[in-house]
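# Observations on the model geometry
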Amino acid sequence: MEASGKMIFLVEDDEKLRKTLGSFLEASGYQLMTAADGREALDVYFANNHKIDLILLDGMLPKVDGFDVLKTIREYSDVPVIMITARESEEDQLEGLGVGADNYITKPFPLRVLRAHMEALLRRSSASQSAAIVRKALRIEPEERRIYLDGRQLAVTPREYDLLLYFVQNERVVLKREAILDAVWGFDYEGGTRTVDTIVKQLRKKMTDHYPYIQSVYGVGYRFEAVDYE
């Protein structure tokens, strides 16, 4: 499994273990994001979920429990998640799998075994990433970077495609303009948030009023939800 370019989000409150795992993952060729508690985990996730390929999630976290973090993530995403926890009872494992974990590893564990589990999950995830994304009348084909609305292909610019895909990946999440700008244009982009409004306006015009999927949230930004229309 080629690790280069894969972003791993490591959520672990034990500083020593977090550093050990982080060093191992980076030495294995992965990119890394980290969080030390459940609240930070959700903040980092929602700011960067479009970049994250796999999450390593401790089940016992301060502020927000790891199981509750996973429940929240699963409302919006099927990103691969491996739970890493000292809770080794059958009931705990069933709880983790029941709220959406793809795998469950109890501490302590050999690092090579963890990596093997990660590689297997990433292979499965990569195989499914080319599948079309369908939301009501909207269909996105990532492999070809094409968008269809009610069976008709939309003529979109690369930036319009990237923005609409980001909206779909964060369905029902209220997104601030600043966060959208950082996620789609990059942190080093020197333009202002009006750029976001301009591209949204272009997308809405192409999707027409019959498909009001991109909703404005006054004073904040936007929210995407594929809703039925009359």
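Residues numbered from 1 in each chain as written. Predicted model: local features only at pLDDT ≥ 70, side-chain atom pairs only at ≥ 80, totals over all residues. Heavy atoms only, no water.

- Going by an unreviewed UniProt entry, the protein carries the name Stage 0 sporulation protein A homolog and comes from Candidatus Limivivens intestinipullorum.
- Turning to the protein, the UniProt record has this under Function (unreviewed entry): "May play the central regulatory role in sporulation. It may be an element of the effector pathway responsible for the activation of sporulation genes in response to nutritional stress. Spo0A may act in concert with spo0H (a sigma factor) to control the expression of some genes that are critical to the sporulation process." (UniProt positions renumbered as here; feature names shortened; annotations may be inferred.)

## Section: helix H7 (residues 177-185)
- Turning to H7, its buried residues number three or more, namely Ile-180, Leu-181, Ala-183, Val-184 and Trp-185.
- Taken together, the buried residues of H7 touch helix H6 (158-169), strand E10 (175-176), helix H8 (194-207) and strand E12 (221-224).
- Directly after H7, the chain includes Gly-186, whose backbone phi takes a positive value near 100°. (Buried < 20%, exposed > 50% of the residue type's maximum accessible area, 1.4 Å probe, protein only. Helix = DSSP H or I, 4+ residues; strand = E, 2+ residues; numbered from the N terminus. Contact = heavy atoms within 4.5 Å.)

## Some details on the pattern of salt bridges
- The tally for this structure, following the rule as stated, stands at twelve salt bridges.
- With a closest N to O distance of 2.7 Å, Glu-160 and Lys-206 form a salt bridge. Of this pair, Glu-160 sits in helix H6 while Lys-206 sits in helix H8; the two residues are 46 residues apart in sequence, bridging distant segments of the chain.
- Taking relative accessible area as the criterion, Lys-206 reaches 28% and is therefore assigned partly exposed.
- Because the salt bridges share partners, they merge into one network encompassing Glu-12, Asp-58 and Lys-107. (Salt bridge = Lys/Arg side-chain N within 4 Å of Asp/Glu carboxyl O.)

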